[in-house]
Amino acid sequence: MSAVRIGTPIRGICVWAAAYGRANGRDSIYAVSSGERCLFFVIDSDSGECLHRFEMAEAKHCWGVVATGDAAYAVADGHLYRYRTTPPGNGLEHLGTAIEGEHYSWRLAADDDGAIYGGCYPGGKAFRYDPRTGAFRDYGVIVEGEQYVRCMKAYGGALYMGIGTVAPRLVAMRVDSGERKEIPLPVAAANDSMVYDLDIAWPYLYIRLTPSNTMRVYDLTEEVWIDEIPGAMGLAVSPPDAYGSVYFAKDERLHRYDAATRRSEDVGVPLEGPCVDFGWIAPEGASAATAASRLICIRRDGSYWTYDPTTGRREERDPGLPGGPVTIHSLAPGPDGRIYCGGYFAGGFASFDPATDALSDARAFGQIEGMAAFGDKLYLGVYPKAVLYEYDPERPWVPGVNPTKLASLQDEGQDRPFAFCAAGDALAVGTVPDYGRLGGALALVRPAERRIDRYPGIAGTQSVTSLAYRSGTLYLGGCVWGGLGVKPIDAEALLLAWDPATRRELRRTIPVPGEKAISALAFAPNGRLWGVTAGKLFEFDVDDWRLVRAVEIVPFDWSSRGHFWRGGSLRFEGNVGIVGTSVGTLFHYDPALDRVTAEAKDVWLSTGEREGRTYFSIGTSLYKR
């Protein structure tokens, strides 16, 4: 195979965790940006100067940063790191893996003795790191059957943990003995799936539940729930001010809340999205002994604001943090002939123009799970909340205007729109449900009517991870896994034939016994349906409703995967063969010779364009074949 590397389409900053403290006598921000490799930044909060930038080996995703008196800690992909905030310091230390096998880590907490605590996925475990001995302690599974220990705070010898996703749980654990006690949630919380955020401003504990985004307040001394506030946004409630009030985000505005009086008020500060983490810093130019009285909060793009509650003054800073390369997460041809790319975790949106051989500048955008051209527009499916957008390539990019938000499928319990397919006068979209839930949905986007028809549970407990359309019939490929944090019920992936005109199922089958997901579907010029499971390519006769053949592309063991949503793509090169991806392998298959040729490794996405060329990605790089 002859392939040419085009370049890195998307670079960006994605800060989802930060802490605040004093480093070498200066008020500082410790922030981590996620990407192909996490970046740890130390920023002077007064001047906005970026003092240090460290790469975090072995890490791509960070949700947890915490500061103690003499250090700042970050956890990413199960690895713990430390930055010493007082001289002599030694850069950023990699302290090791918290718990072997727990490859994803969430928020961090610190106690008064400087011990560090964190929660993990997929085992639902919690850990402690003792900086005096350098030893990790594994507390084991916190709640049997729950895979996420999402958030936590340490107070008074106890660790309070928010858990999900089968059901939201709140657990208090004595950190020395490991003894646990569950704190019952209000009955209304049964409709939620996770305690996503947790903070303590003694004697009150604050949690935010998802997907309802309800903040609930618990009196730790009286052991009773005292208040609920709908419409809260993550990811944190601030430490208390001098009067015991806390600040939080609600309806894209900054609010102050006094638990003693149950009073919440809008303080007049607009917000552009969730508040990553809050802190308090001293007035600018004050001495080290001056009390911290300015609220500070960093944004996802690395810019931040400060707010003085006494004067109402708000100030903005942008350190201009240098972004890192972002993994390509979605790939599709547009209606204008360009090849469009979406970024993973950090998000981002960019394109390549084959006519000029040039990459566009990357735009800030959410995590695009799937996209497709339909008519003269490009449609984007964004995680979380399964948000669908319409983008017109011929019009200027204007955030909030173009792309235009069409709808969210959150009310249908959906989270990730992976599958797209033109289906007559509609664009069909298949989804994976929210955390802790089974059962995907089908959405039919009808641009001419500005309407979206929704069909949740169309594949029972299976997700809809692939789609194909021919002669008035829509074919849906299933996946036994739903959202993260819940075990599948079905054992094998379904293929469904569905009539959009009558809105009824025509027939269903298990096309390839033993396979748990169908990650791609496409019709060949001769009318045969082809699909990719994980390591297998199969041909299916939709008229006789039978499997014609199944071909192994790469060996694959389903028992080695905790979940699998996608990993396949297909396109036809005239009458000479099939090009696609199968769990990290770019392959060519010749049906006449029944011959598979592996052309490249570490390839999870591929697509084509009108001139016949194939485009694919490896990590952060885009290639053409």
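Relevant structure appears above.
Here the structure is a predicted model, which means the values were calculated and not measured.

**Q** Help me understand the overall build of the protein in this model?
**A** From N to C terminus, the protein includes 0 helices and 58 strands. A compact globule built from 625 residues should have a C-alpha radius of gyration of about 25 Å, and the protein, at 25 Å, falls within 12% of that. Here the C-alpha coordinates of the protein stretch approximately 80 × 50 × 50 Å along the principal axes. Of all 625 residues assigned to the protein, the portion counted as buried reaches 60%. In the protein, 46% of the contacts between residues at least 6 apart in sequence involve partners at least 24 apart. Accessible area for the protein stands at about 24,500 Å²; split by element, carbon and sulfur atoms hold 47% of it. Across the protein, the centroid of the 65 positively charged side chains sits 2 Å from that of the 78 negatively charged ones.

**Q** Teacher, can you tell me more about the state of the cysteines here?
**A** One way to say it: the disulfide is the covalent bond shared by the sulfur atoms of two cysteines. Applying the stated criterion to the full structure yields 0 disulfides. In this model Cys-151 remains outside any disulfide bridge; the closest cysteine sulfur is found in Cys-120, 13 Å from its own. The buried category is assigned to Cys-151, whose relative accessible area is 2%. For Cys-275, which is in no disulfide, the shortest distance to another cysteine sulfur is to Cys-297 and amounts to 4.0 Å.

**Q** What's the story with the environment of Tyr-148 in this structure? I'm lost.
**A** Note that Tyr-148 resides in strand β15 (residues 148-155). By relative accessible area, Tyr-148 is classed as buried at 2%. Through-space distance from the C-alpha of Tyr-148 to that of Trp-63 is 13 Å; in sequence the pair is 85 residues apart.

**Q** Whenever I open this one, the pattern of salt bridges confuses me. Can you help?
**A** Close approach of charged atoms allows side chains of opposite charge to pair. Evaluation of the coordinates by the stated rule reveals 46 salt bridges. Linking Asp-353 and Arg-338 is a salt bridge whose minimum nitrogen-to-oxygen distance equals 3.7 Å. Residue Asp-353 is located in strand β34 (residues 349-353), and its partner Arg-338 is located in the loop between β32 (328-333) and β33 (339-343); the two are separated by 15 residues in the primary sequence. The exposure class assigned to Asp-353 is buried, which follows from its relative accessible area of 15%. The partner of Lys-624 in a salt bridge is Asp-357, with the nearest N and O atoms 3.2 Å apart.

**Q** Just checking my understanding: could you explain the packing of aromatic side chains for this structure?
**A** For any two aromatic rings, the description comes down to two numbers: the centre-to-centre distance and the angle of the planes. Tallied over the entire structure, the rule returns 41 aromatic pairs. Ring geometry for Tyr-148 versus Tyr-435: centroids 5.7 Å apart, planes at 90°, classification edge-to-face. A residue pair is termed long-range when its members are at least 10 positions apart, and Tyr-148 in strand β15 and Tyr-435 in the loop between β41 (426-433) and β42 (441-446) qualify at 287 residues. With respect to class, Tyr-148 is no different from Tyr-435; both count as buried. Taking 5.4 Å as the distance between ring centres and 15° as the angle between the ring planes, the aromatic pair formed by Tyr-340 and Phe-349 counts as stacked.

**Q** How do you make sense of the sheet that holds β33 when you look at a structure like this?
**A** Backbone hydrogen bonds hold the strands of a sheet together, and the pairing may be parallel or antiparallel. On the basis of which strands lie adjacent, the open sheet formed by 4 strands has the order β32-β33-β34-β35 and antiparallel pairing. Pairing within the sheet leaves two strands with one partner each, and these edge strands are β32 and β35 (358-359). Inspection of the sheet shows β32 paired to β33 by 5 bridges, in the antiparallel sense. Among the inter-strand pairings, Ala-332 is bridged to a residue of β33, identified as Tyr-340.

**Q** Would you mind going over the sheet that holds strand β48 (residues 520-523) with me for this structure?
**A** On the basis of which strands lie adjacent, the open sheet formed by 4 strands has the order β48-β49-β50-β51 and antiparallel pairing. Two strands lie at the open edges of the sheet, namely β48 and β51 (546-552), each paired on one side alone. Strand-to-strand twist of the sheet, defined as the mean angle between neighbouring strand axes without regard to direction, takes the value 20°. Where strand β49 (residues 529-532) meets strand β50 (residues 536-541), 4 bridges bridge the pair, whose relative direction is antiparallel. When the sheet's bridge partners are listed, Gly-531 is paired in β50 with Phe-538.

**Q** What is the right way to look at unusual backbone geometry in this model?
**A** Generally, phi is negative for residues other than glycine and the peptide bonds are trans, each holding for most cases. Of the consecutive residues Thr-210 and Pro-211, the connecting peptide bond is found in the cis state with omega at 10°. Here Pro-211 lies in the loop between β20 (204-210) and β21 (214-219). Positive phi outside glycine occurs at Asp-77, with the angle close to 50°. When you line up the elements, Asp-77 lands in the loop between β8 (71-76) and β9 (79-84). One non-glycine residue with positive phi stands out, namely Asp-357, at about 60°. Note that Asp-357 resides in the loop between β34 and β35.

**Q** Even after reading the chapter, I still don't get the nonpolar core, so can you show me in this structure?
**A** Within soluble globular proteins, side chains that are nonpolar generally end up buried alongside one another. Membership of the largest hydrophobic core comes to 67 residues, with the highest contact counts inside it found for Ile-29, Trp-63, Ile-298, Trp-530, Leu-537, Leu-570 and Ile-578. In terms of residues, this core owes the most to one element, strand β3 (residues 15-23), which gives 4 residues. When residues no more than four places from it in sequence are discounted, the contact partners of Ile-29 are Ala-19, Tyr-20, Phe-41, Val-42, Ile-43, Ser-45, Ile-296, Ile-298 and Tyr-304. Formed by 19 residues, the second largest nonpolar core is a distinct cluster that contains Ala-17, Ala-59, Val-65 and Ala-74.

**Q** Quick question: what am I supposed to make of the side chain of Ser-28 here?
**A** Summarising the element assignment, Ser-28 is placed in strand β4 (residues 26-33). For Ser-28, a relative accessible area of 0% corresponds to the buried category. When neighbours within four sequence positions are excluded, Ser-28 is seen to be in contact with Ala-19, Tyr-20, Gly-21, Ala-23, Val-42, Ile-43 and Ser-45.

Analysis parameters
Residues numbered from 1 in each chain as written. Predicted model: local features only at pLDDT ≥ 70, side-chain atom pairs only at ≥ 80, totals over all residues. Heavy atoms only, no water. Helix = DSSP H or I, 4+ residues; strand = E, 2+ residues; numbered from the N terminus. Rg over C-alpha atoms; globule rule 2.2 N^0.38 Å. Buried < 20%, exposed > 50% of the residue type's maximum accessible area, 1.4 Å probe, protein only. Contact = heavy atoms within 4.5 Å. Areas by Shrake-Rupley, 256 points an atom, 1.4 Å probe, with all protein chains shown as cover. Lys, Arg positive; Asp, Glu negative; His and termini not counted. Charge placed at Lys NZ, Arg CZ, Asp CG, Glu CD. Disulfide = S-S within 2.5 Å. Salt bridge = Lys/Arg side-chain N within 4 Å of Asp/Glu carboxyl O. Phe/Tyr/Trp six-rings, centres within 6.5 Å; stacked < 30°, edge-to-face > 60°. Pairing = 2+ DSSP bridges. Axes fitted to C-alpha atoms, helices over the stretch in contact; angles between N-to-C directions. Core = buried A, V, L, I, M, F, W, Y, C linked by side-chain atoms within 4.5 Å.

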